[in-house]
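# Examination of the molecular architecture
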Number of protein chains: 2
Amino acid sequence: MVDDVGAALLIIGNEILSGRTQDANLRYIALGLNEVGIRLQEVRVVADEEGAIIAAVNALRSTYAYVFTTGGIGPTHDDITAQSVAKAFGVALRRDPRAVERLLRQIRPENLNEARLRMANIPEGADLIDNPVSHAPGFRLGNVFVMAGIPRIMQVMFEGVRPSLIGGARLLSKSVTIFIGEGTIAAALAEIQQRRPDVEIGSYPFNRDGIFGTVIVVRGTDAPAIEEAVAEVAGMAEGHGAKIEIEVALPR
Amino acid sequence: MVDDVGAALLIIGNEILSGRTQDANLRYIALGLNEVGIRLQEVRVVADEEGAIIAAVNALRSTYAYVFTTGGIGPTHDDITAQSVAKAFGVALRRDPRAVERLLRQIRPENLNEARLRMANIPEGADLIDNPVSHAPGFRLGNVFVMAGIPRIMQVMFEGVRPSLIGGARLLSKSVTIFIGEGTIAAALAEIQQRRPDVEIGSYPFNRDGIFGTVIVVRGTDAPAIEEAVAEVAGMAEGHGAKIEIEVALPR
């Protein structure tokens, strides 16, 4: 395994668990974190229920360097993320004047009703996260970053906080596509993995229009080590007489 | 909240956490479970690491009526789901002759090497789950159903076991699309939710080509209760002079 800075994502929302909405944030956050040398190590999806959110926030924030949450910070009754995170940390939730000021950039004073003002209820001690799209802020409390669920807003919030994250080495990867079943090369692959603990070798079978094959993904933080392992995998596959394709290195 | 039979999904795979692969199983399983009156209440995504898999399996199987896992049951070194589930239950992993027989339907005896035979290593006491696509089986141990990660295979495994699941009432939903911001109607919506604890009212804002609006989803197991709540939501929105659209009831 490759050691680096670990993060978790907590997706909050009944609409994901019911199948109504396909999550679009996991992959964006995973790729974005990796570019600053942080590795997404666990994801949880929970319902809009205070107990479930508190339990997940506390389990994840004590385990990982960073926790990101998405969803549940709007103005309606089912938006309970801020109050749940406050309870998880044992701090008060209070009307934050900085957040009210931001809401007033988007919302006329006569329209800033009590429901919309709920979006300015922020746990004590939290820093606000900018929202250049619709101004209602997210917040950071300790190592927990609370963001919107709408992908376009989540993305600007995430890009805003990313420069403040302290990561380790960036995870790189290179793929070898082998037109042969993974069972045929599994033993040789396990042997390469065993000799090369400095990289992580994943094997993903595919069937493209009836043609079976395997994508071998070599991941790690050391580019030369990846190149060496890829060369070994390619040589092994050629030894089996398999057609191979090598992909360029990607940061993931 | 609506009480019914609860389930969790455990997605196992570095390729999901790295952002390489977009999960395609959560939504399928969520919708499929709901059709038999089972509600997906939590999802976790963990890496191909024994400790992480064991901890998640044990946490979820003690909390929910059913647990489904996807991924990690192939022939390569990174496929460690079966051994991890066996350890989670404290039972032995053994070469299962029924599973070997199934592998031989797909694989010629001379190609059934030790790596491919790993796919016949099944925890003691488990029932096999059919795989009409490529024959390598999944398995059920207690309330945990272990399935492949490849969507096409996961789907046939899931459809195979679904008739054996014992669910409660099916969750139904009906949507009201309101062309007005959710902050404007939030207080009235909260009031409707408070008076109608037999349904669950979700509010999802949207911006379609610059037109802002809110989709109100009313979920529940009692169709007349949903209709009544939808009528109230629609009446409330009309009171605000908003254009509305009502969607037909959907099983989710």
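Residues numbered from 1 in each chain as written. Chains lettered and ligands numbered in written order. Predicted model: local features only at pLDDT ≥ 70, side-chain atom pairs only at ≥ 80, totals over all residues. Heavy atoms only, no water.

Further remarks concern unusual backbone geometry. Residue and element names in this part refer to chain A. One non-glycine residue, Asp209, lies in positive phi territory at about 50°. For Asp209, the position within the fold is in the loop between strand E10 (200–208) and strand E11 (211–220). Overall, the relative accessible area of 81% leaves Asp209 in the exposed class. (Helix = DSSP H or I, 4+ residues; strand = E, 2+ residues; numbered from the N terminus. Buried < 20%, exposed > 50% of the residue type's maximum accessible area, 1.4 Å probe, protein only.)

In this section: empty space enclosed by the protein. Under the counting rule described, the total for this entry stands at three cavities of 30 Å³ or more. By volume, the largest cavity is sized at about 150 Å³. For the lining of the largest cavity, the secondary-structure elements that each account for two or more residues are helix H2 (26–34) and strand E2 (38–46) of chain A together with helix H2 (26–35) of chain B. Here the lining of the largest cavity is composed, by residue class, of nine nonpolar, four polar and four charged. (1 Å grid on protein atoms, 1.4 Å probe; cavity = no way out; pocket = protein on both sides within 12 Å on 5 of 7 lines; lining within 4 Å. Points joined across faces, edges and corners; volume = space filled by probe spheres on them. Nonpolar A, V, L, I, M, F, W, Y, C, P; charged D, E, K, R; others polar.)

This brings us to the relation of the copies chain B and chain A. Relative to chain A, chain B is turned by 180° and slid 0.0 Å along the rotation axis, the superposed coordinates differing by an RMSD of 0.0 Å. Viewed as a symmetry operation, the transformation between the two copies matches a two-fold axis. In terms of C-alpha distance to the rotation axis, chain B has Arg44 of chain B as its closest residue, with the C-alpha 2.2 Å off the axis. Most of the interface of chain B is mirrored in chain A: 100% of its interface residues are interface residues there too. (Least-squares fit on C-alpha atoms with pLDDT ≥ 70 in both. Contact = heavy atoms within 4.5 Å.)

Moving on: the packing of aromatic side chains. Residues and elements named next belong to chain A. Enumeration according to the criterion identifies 12 aromatic pairs over all chains in this entry. Residues Tyr66 and Phe68 carry aromatic rings whose centres are separated by 6.4 Å and whose planes lie at 35° to one another, so their mutual orientation is tilted. Of the aromatic side chains, those joined through ring pairs into one cluster are Tyr28, Tyr66, Phe68, Phe145 and Phe158. Note that Arg61 overlies the ring of Phe89, its terminal NZ or CZ placed 3.7 Å from the centroid. Sitting over the ring of Phe206, Arg208 keeps its end group 3.9 Å from the ring centre. (Phe/Tyr/Trp six-rings, centres within 6.5 Å; stacked < 30°, edge-to-face > 60°. Lys NZ or Arg CZ within 6 Å of the ring centre and 35° of its normal.)

Within E2 of chain A, eight of the nine residues are buried, which leaves it mostly tucked inside the rest of the structure. Two strands pair when backbone bridges link them, and E2 of chain A and strand E2 (residues 38–46) of chain B are joined in this way by five bridges, in the antiparallel orientation. Across the sheet, the residue bridging to Glu42 of chain A is Val46 of chain B, located in E2 of chain B. (Pairing = 2+ DSSP bridges.)

This next bit is on the environment of Ala126 of chain B. All names here are of chain B. Residue position: Ala126 is located in the loop between strand E5 (121–123) and strand E6 (127–129). Sequence-wise, Ala126 and Leu141 are 15 residues apart; in three dimensions their C-alpha atoms are separated by 4.6 Å. Excluding its chain neighbours within four sequence positions, the residues that come into contact with Ala126 are Arg98, Phe139, Arg140 and Leu141.

Taken domain by domain, chain A consists of domain 1 (5–164) and domain 2 (172–246). Taken over C-alpha atoms, the centre of domain 1 of chain A sits 38 Å from the centre of domain 2 of chain A. (Domains from an automatic or database assignment.)

Turning to helix H7 (residues 151–161) of chain A, a few remarks are in order. Residues and elements named next belong to chain A. When we look at burial in H7, the residues that qualify are Ile153, Met154, Met157, Phe158 and Val161. Burial along H7 is one-sided: seen end-on, the buried residues are contained in an arc of 130°. The exposed residues of H7 that point more than 90 degrees off its buried face are Arg152 and Gly160. Structurally, H7 contributes buried residues whose contacts are with H2, strand E3 (66–70), strand E6 (127–129), strand E7 (138–141) and strand E8 (144–147). (Arc of directions from axis to C-beta.)

Counted according to the given criterion, the structure contains 40 salt bridges over all chains. Its salt-bridge partner being Arg195 of chain A, residue Glu232 of chain A comes within 2.8 Å of it at the nearest N-O pair. A residue pair is termed long-range when its members are at least 10 positions apart, and Glu232 of chain A in helix H9 (residues 223–239) and Arg195 of chain A in helix H8 (residues 182–195) qualify at 37 residues. Taking the relative accessible area as the measure of exposure, Glu232 of chain A reaches 23% and is therefore partly exposed. By relative accessible area, Arg195 of chain A is classed as partly exposed at 45%. Among the ionic pairs, Arg39 of chain B bridges to Glu200 of chain B, the shortest N-O distance being 2.6 Å. Here Glu200 of chain B lies in strand E10 (residues 200–208) and Arg39 of chain B lies in strand E2, a separation of 161 residues in the sequence. We note that Arg39 of chain B, like Glu200 of chain B, is buried. One salt-bridge network, in which partners are shared between bridges, spans Glu191, Arg195, Arg196, Glu228 and Glu232 of chain A. (Salt bridge = Lys/Arg side-chain N within 4 Å of Asp/Glu carboxyl O.)

The next subject is the interface of chain B and chain A. Contacts between chain B and chain A engage 55 residues on the former and 55 residues on the latter. Summed over both partners, the interface of chain B with chain A comes to about 4,400 Å²; 53% of that surface belongs to carbon and sulfur atoms. On the chain B side of the interface with chain A, the three residues burying the most area are Leu17, Arg20 and His77 of chain B, jointly 15% of the side's total. Where chain B touches chain A, the interface holds zero salt bridges. Taken together, the links from chain B to chain A amount to 16 residue pairs in polar contact (both at pLDDT 80 or more). When grouped by side-chain class, the residues that make up the side of chain B that touches chain A number 23 nonpolar, 17 polar and 15 charged. (Buried area = accessible area lost by both parts, 1.4 Å probe. Polar contact = N/O pair within 3.5 Å; in protein donor to acceptor, adjacent residues only side chain to side chain.)

This brings us to the side chain of Arg219 of chain A. Residue and element names in this part refer to chain A. Relative to the helices and strands, Arg219 is located in strand E11. Overall, the relative accessible area of 1% leaves Arg219 in the buried class. Of the polar contacts made by the side chain of Arg219, one reaches the side chain of Tyr204; its length is 3.1 Å.

All names here are of chain B. Strand order in the open sheet formed by four strands is E10-E11-E9-E12, and the pairing between neighbours is antiparallel. With one partner strand each, in any of the chains shown, E10 and strand E12 (244–246) form the two edges of the open sheet. Along the sheet, successive strands turn relative to each other by an average axial angle of 20°, direction set aside. Pairing analysis gives three bridges linking strand E9 (residues 172–178) to E12, with the strands arranged antiparallel. Bridge pairing in E12 places Val176 opposite Ile246. Against the sheet, helix H9 (residues 223–239) contacts E9, strand E11 (211–220) and E12, and its axis sits at roughly 5° relative to E9. (Axes fitted to C-alpha atoms, helices over the stretch in contact; angles between N-to-C directions.)

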